[in-house]
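Each chain, letter by letter, is given below.
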Amino acid sequence: MRGSNGRTLYRIPQSGKIAGVCAGIAEYFAIETWLVRVLAVSIFLLGGSGVVFIIYVALWVILDIKPQKSYDRDDIEVKKKPWQSGEPAKQALSDVSRQFRSLEVRLQNLERHVTSDNFDLKRQINSL
């Protein structure tokens, strides 16, 4: 299901307790998963048990499983409000710092290889 905001509604079994429907809804609306679960359980217990059950099973059948994304690039979403999904600012800063340290080490290794005598020798042999 594609919404007007350009995002697609999927179910996410890896993050879910039963079928990942609540996790998919939470990601679609950019809120915490536990809020969607609390809302669903509250409606279920306050008399909407049949409706919640039917909607949950229907979404379980209708929604596609979210495809695995490639982890070449990690997008970090920072929480602006407590109920929004994402990371707290300190955690996001820590993650970015860790990613930069990892890139720095990779760049140092690359520079060490390119400036070595072994690299020049291989380049000269390949040009023959």
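Because the structure is a prediction, the values reported are computed rather than measured.

Report on the overall build of the protein chain, specifying residues and quantitative values.
Counting secondary structure elements, the protein chain contains four helices and zero strands. Secondary structure elements in the protein chain, listed N-terminal to C-terminal, are α-α-α-α. Intrachain contacts of the protein chain at a sequence separation of at least 6 include 40% that bridge at least 24 residues.

Could you give me a rundown of the packing of aromatic side chains, with the residues and numbers involved?
In this structure the tally under the stated criterion is two aromatic pairs. Judged by centre distance (6.2 Å) and plane angle (75°), the ring pair of Tyr56 and Trp60 falls under edge-to-face. Of the two residues, Tyr56 and Trp60 both sit in helix H2 (residues 33–62), four residues apart, roughly one turn of that helix. Take Trp60: its relative accessible area is 37%, and that puts it in the partly exposed class.

Please provide a residue-by-residue account of the layout of surface pockets, values included.
Taken as a whole, the second largest pocket spans an internal volume of roughly 600 Å³. Cys22, Val36, Ala40, Val52 and Tyr56 are the residues nearest the centre of the second largest pocket, which is lined by 24 residues in total. Mapped onto the lining of the second largest pocket, the elements with two or more residues apiece are helix H1 (21–29) and H2. A per-element tally of the lining of the second largest pocket places H2 first, with 13 residues. Residue composition of the lining of the second largest pocket, grouped by class: 20 nonpolar, two polar and two charged.

Give a description of the UniProt feature "transmembrane region" (unreviewed entry) in the protein chain that names residues and reports values.
Mapped onto the present numbering, the UniProt feature "transmembrane region" (unreviewed entry) falls on residues 38–63. Counted over residues 38–63, helix gives 96% and strand 0%. Its end C-alpha atoms are 21 Å apart.

How would you summarise unusual backbone geometry if you had to cite specific residues and measurements?
Phi at Ala30 takes a positive value of approximately 55°, unusual for a residue other than glycine. By secondary structure assignment, the location of Ala30 is in the loop between H1 and H2. Exposure remark for Ala30: the relative accessible area of 27% places this residue in the partly exposed category.

Outline the pattern of salt bridges, supporting the account with residue identities and numerical values.
Following the criterion strictly, the structure yields two salt bridges and no others. Here Glu27 makes a salt bridge to Lys66, at a shortest N to O gap of 2.7 Å. Separated by 39 residues along the polypeptide, Glu27 in helix H1 and Lys66 in the loop between H2 and helix H3 (89–114) bring together distant segments of the chain. The residue Asp95 makes a salt bridge to Arg98 at a minimum N-O spacing of 3.4 Å. Of this pair, Asp95 and Arg98 both sit in helix H3, three residues apart, roughly one helical turn.

Give me the packing of H1 against H2: which residues, what numbers.
Interaxial distance between H1 and H2 falls to 11 Å at its minimum, and their mutual angle equals 115°. Seen from above, H1 lies across H2 with right-handed handedness. Listed contacts from H2 to Val21, Cys22, Ala23, Ile25 and Ala26 of H1 are Thr33, Val36, Arg37, Ala40, Tyr56, Leu59 and Trp60. Grouping the constituent residues of the contact of H1 with H2 by class yields ten nonpolar, one polar and one charged.

Thresholds, definitions, all that
- Here the residue numbers are simple positions, counted from 1 along each chain's written sequence.
- Per-residue local features of the predicted model are confined to residues with pLDDT of at least 70, and side-chain atom pairs are confined, for both listing and counting, to 80 or more; whole-chain, interface and lining totals are unaffected and use all residues.
- No hydrogens and no water enter the side-chain calculation; it runs on all heavy atoms of the structure.
- Each helix is a run of DSSP H or I of at least 4 residues and each strand a run of E of at least 2, with the numbering of both proceeding from the N terminus.
- Between two residues, a contact is recorded if the distance between any of their heavy atoms is within 4.5 Å.
- Two rings from Phe, Tyr or Trp (for Trp, the six-membered ring) form a pair when their centres sit within 6.5 Å of each other. Planes less than 30 degrees apart are called stacked, planes more than 60 degrees apart edge-to-face, and all others tilted.
- Burial classification: accessible surface area is computed with a 1.4 Å probe over protein chains only, and a residue below 20% of its type maximum counts as buried, one above 50% as exposed, and the rest as partly exposed.
- Here the term cavity refers to a set of points on a 1 Å grid, laid over the protein atoms alone, in which a 1.4 Å probe fits but cannot get out; the term pocket refers to an open set having protein on both sides within 12 Å along at least five of seven lines, with lining residues being those that place an atom within 4 Å of a point.
- Grid points are joined across faces, edges and corners, and a volume is the space filled by probe spheres set on the points.
- Each residue is assigned to one of three groups, with Ala, Val, Leu, Ile, Met, Phe, Trp, Tyr, Cys and Pro labelled nonpolar, Asp, Glu, Lys and Arg labelled charged, and all others, Gly among them, labelled polar.
- UniProt positions are given in the numbering used here, feature names are shortened, and annotations may be inferred rather than shown by experiment.
- Salt bridges are identified by distance alone: a Lys or Arg side-chain nitrogen within 4 Å of an Asp or Glu carboxyl oxygen.
- For every element, the axis is a line fit to its C-alpha atoms; helices are fit only across the contacting stretch, and the angle between N-to-C directions ranges from 0 to 180 degrees.
- Here a crossing is called left-handed whenever its near helix is offset anticlockwise from the far helix by less than a right angle, and right-handed whenever the offset is clockwise.

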